[in-house]
Amino acid sequence: MPQEIEFEEAPDVPDIEPVYVHKGKASYYADFFHGRTTASGERFSQNRLTAASRRLPLGSRVTVTNADNGRSVEVVINDRGPYVKGRVIDLSRKAASELGMIEDGVVNVRVEARPSDQPNRSLRHRLERMVAALYPDRKPVSEPPVTVAERPEPDLTGTNLTGTDLGTVE
């Protein structure tokens, strides 16, 4: 009688999603811009959670964290800017308020863009390419796993493998 061997299942180790990170200074829009048209074509509102970035694609969802107090907010990139050296993002007044930076005006931040957080496939792919440029050795997490049915059949031409060499399968 064969002895049964018990195998301990390996714990699932989640893939760590590569994230596009941009560190620098953040400021917020002056009230003068309220109601003006943004680069995305929307009207700018100080009362929405939006931001301007020179690098991130329009429509991207990003998390901005105030480096001084640890408070974070999720915003949508709907405009281009800032155009002041050293600044990486301009925020709406509402976003700036959530970060606790109204009094300071300019604070150090960490801007994170995760491909999986994006609202559509096009933005996911654009951010994946940006991340791939930063981390060329990492494989994108959003790439679907290959199932058996999707694997290409091996090309066995020119080999000695025939049905008789493999035995009969019943």
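Note that the structure is a prediction, hence the values are computed from the model and not measured. (Residues numbered from 1 in each chain as written. Predicted model: local features only at pLDDT ≥ 70, side-chain atom pairs only at ≥ 80, totals over all residues. Heavy atoms only, no water.)

Caption draft 1: Summary view of the sheet that holds strand 3 (residues 61-66). As summarised here, the arrangement of the six strands in space is 1-5-2-4-3-6, forming a closed barrel in which the pairing is mixed. The average undirected angle you get between the axes of adjacent strands in this sheet is 45°. Of the strand pairs in this sheet, strand 1 (residues 20-28) and strand 6 (residues 107-113) are connected by seven bridges, and their pairing is antiparallel. In the strand pairing of strand 6, Lys23 is matched with Arg110. (Pairing = 2+ DSSP bridges. Helix = DSSP H or I, 4+ residues; strand = E, 2+ residues; numbered from the N terminus. Axes fitted to C-alpha atoms, helices over the stretch in contact; angles between N-to-C directions.)

Caption draft 2: Region of the structure containing the confidence of the model for the protein. In the predicted model, the protein carries a mean pLDDT of 80, and 71% of its residues have values of at least 70. Predicted confidence in the protein is weakest over helix 3 (residues 163-166), with a mean pLDDT of 46, and strongest over helix 1 (residues 93-99), with 97. Overall, residues 161-170 carries pLDDT values under 50, and its contacts beyond four positions in sequence, including any with other chains, amount to three contacts. (pLDDT = per-residue confidence, 0-100. Contact = heavy atoms within 4.5 Å.)

Caption draft 3: Structural view of the nonpolar core. Grouped together as the largest cluster of nonpolar side chains are 23 residues, with contacts concentrated most on Leu56, Val62, Val64, Ile89 and Leu91. Sort the elements by how many residues they give to this core and strand 6 lands first, with four residues. In this structure, Ile89 is in contact with Lys25, Ala26, Ser27, Ala51, Ala52, Val62, Val64, Ile77, Pro82, Val109 and Val111, ignoring residues within four places of it in sequence. (Core = buried A, V, L, I, M, F, W, Y, C linked by side-chain atoms within 4.5 Å. Buried < 20%, exposed > 50% of the residue type's maximum accessible area, 1.4 Å probe, protein only.)

Caption draft 4: Representation of the pairing of strand 5 (residues 87-91) in the model. For strand 5, a buried count of four out of five residues is recorded, marking the element as mostly surrounded by other parts of the structure. The sheet contact formed by strand 1 and strand 5 spans four bridges and is parallel. Note that in strand 5 the partner of Ala26 across the bridge is Ile89. Sheet topology places strand 2 (residues 50-52) next to strand 5; two bridges connect them, and they run antiparallel.

Caption draft 5: Looking closely at helix 2 (residues 121-134). Here helix 2 contains 14 residues, and its C-alpha end-to-end distance of 20 Å stays within 8% of the 20 Å for a straight helix at 1.5 Å per residue. What helix 2 keeps buried is the set Leu123, Leu127, Glu128, Met130 and Val131. One side of helix 2 holds all its buried residues, which, seen down the axis, span an arc of 160°. Turned more than 90 degrees away from the buried face of helix 2, the exposed residues are Arg121, Arg129 and Ala133. In the core, the buried residues of helix 2 are packed alongside strand 1 and strand 6. Its side-chain oxygen at 3.1 Å from the backbone nitrogen of Ser122, Asn120 defines the N-terminal cap of helix 2. (Expected span 1.5 Å × (residues − 1). Arc of directions from axis to C-beta. Polar contact = N/O pair within 3.5 Å; in protein donor to acceptor, adjacent residues only side chain to side chain.)

Caption draft 6: Region of interest: the pattern of salt bridges. One pass over the structure, following the stated rule, counts four salt bridges. Note that Asp31 and Arg93 form a salt bridge whose closest N and O atoms lie 3.7 Å from each other. Taken as a pair, Asp31 in the loop between strand 1 and strand 2 and Arg93 in helix 1 lie far apart in primary sequence, 62 residues in all. As a salt-bridge pair, Glu42 and Arg48 come within 3.2 Å of each other at their nearest N and O atoms. Residue class for Glu42 comes out partly exposed when judged on its relative accessible area of 31%. Judged by its relative accessible area of 40%, Arg48 is partly exposed. What emerges from the salt-bridge pattern is a single network uniting Arg110, Glu112 and Arg114. (Salt bridge = Lys/Arg side-chain N within 4 Å of Asp/Glu carboxyl O.)

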